[in-house]
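# Examination of the molecular architecture
As a plain string of letters, each chain reads:
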Amino acid sequence: MRPNTVVKMPPRSAPAAERAAATPLAAAAGDDGHGGSVPRSGGETVAQCILRTLDQYFRDLDGARPHQLHVMVMRAVEEPLLRFALDRSAGNQSAAAALLGINRNTLRKKLIEHGLAEAPPPRAVVKRANSRARKSAAQRRR
């Protein structure tokens with residue numbers, strides 16, 4: 001966010017539902033914008049959904065030890081989140097990055113990591129002569 005950008009936040013005294021309505025993405029994520037959780041009407045928060053899913057995952061493991069749980073969860077959450085942001089911003093990566101609150105270059109890197117975008121072709125490497133060698137050649141010519 002730019003230093004001069006003004007972000008309007010509802011006052012803390014506002015009811016949770018009102019605060020959530022002020023930030024639609026936070027409401028969709030089940031976050032009231034202040035670190036709490038606000039369930040959507042009749043639904044569950046994203047955090048509750050993740051906990052429920054992890055409980056089921058551990059039940060399905062039936063005593064087996066989990067492997068790289070953090071990587072698995074982050075990948076499972078991050079890819080749909082990236083898809084959602086891109087879809088919501090009609091494919092505009094700058095708008096999607098702004099929606100997510102991350103830098104556009106970070107978004108681009110994550111899209112490539114998840115196979116949602118192609119990496120740019122490698123740049124042609126232009127080999128320059130060693131500066132010492134150029135100086136020596138110039139001195140010999142004198």
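Before reading further, recall that the structure is shown in the block above.
In this report, the structure presented in the accompanying data block is examined. Worth saying up front: this structure is predicted, and the values here are computed from it rather than measured.

### Focus: the nonpolar core
Ranked by size, the top nonpolar core spans eight residues in total: L82, A85, L86, A96, A97, L107, L111 and A117. For this core, the secondary structure elements donating two or more residues are α4 (69–88), α5 (93–100) and α6 (104–113). Considering every element that reaches this core, the biggest residue donor is α4, with three residues.

### Some remarks on a nonpolar patch on the surface
Among the surface-exposed residues, L81, F84 and L99 lie close enough to one another that they form a single nonpolar patch of about 220 Å² accessible area. Note that L99 resides in helix α5. The exposure class of L99 is partly exposed, given its relative accessible area of 31%.

### Some thoughts on the packing of helix α3 (residues 46–61) against α4
One way to put it is that α3 packs onto α4 with a least axis distance of 13 Å and a crossing angle of 130°. In terms of their interaxial angle, α3 and α4 are classed as oblique. Along this stretch, α3 crosses α4, giving a crossing that reads as right-handed. Contact residues: I50, L54, Y57 and F58 in α3; L69, M72, V73 and V77 in α4. Broken down by class, the residue content of the contact of α3 with α4 amounts to eight nonpolar, no polar and no charged.

So, how was this worked out
Residues numbered from 1 in each chain as written. Predicted model: local features only at pLDDT ≥ 70, side-chain atom pairs only at ≥ 80, totals over all residues. Heavy atoms only, no water. Core = buried A, V, L, I, M, F, W, Y, C linked by side-chain atoms within 4.5 Å. Buried < 20%, exposed > 50% of the residue type's maximum accessible area, 1.4 Å probe, protein only. Helix = DSSP H or I, 4+ residues; strand = E, 2+ residues; numbered from the N terminus. Patch = residues over 30% accessible without salt bridge, like charges linked within 9 Å, V, L, I, M, F, W, Y side chains within 5 Å. Areas by Shrake-Rupley, 256 points an atom, 1.4 Å probe, with all protein chains shown as cover. Salt bridge = Lys/Arg side-chain N within 4 Å of Asp/Glu carboxyl O. Axes fitted to C-alpha atoms, helices over the stretch in contact; angles between N-to-C directions. Parallel < 35°, antiparallel > 145°, perpendicular 65-115°, else oblique. Left-handed = near helix turned anticlockwise from the far one by under 90°. Contact = heavy atoms within 4.5 Å. Nonpolar A, V, L, I, M, F, W, Y, C, P; charged D, E, K, R; others polar.

Read these as spatial facts, not as claims about activity.
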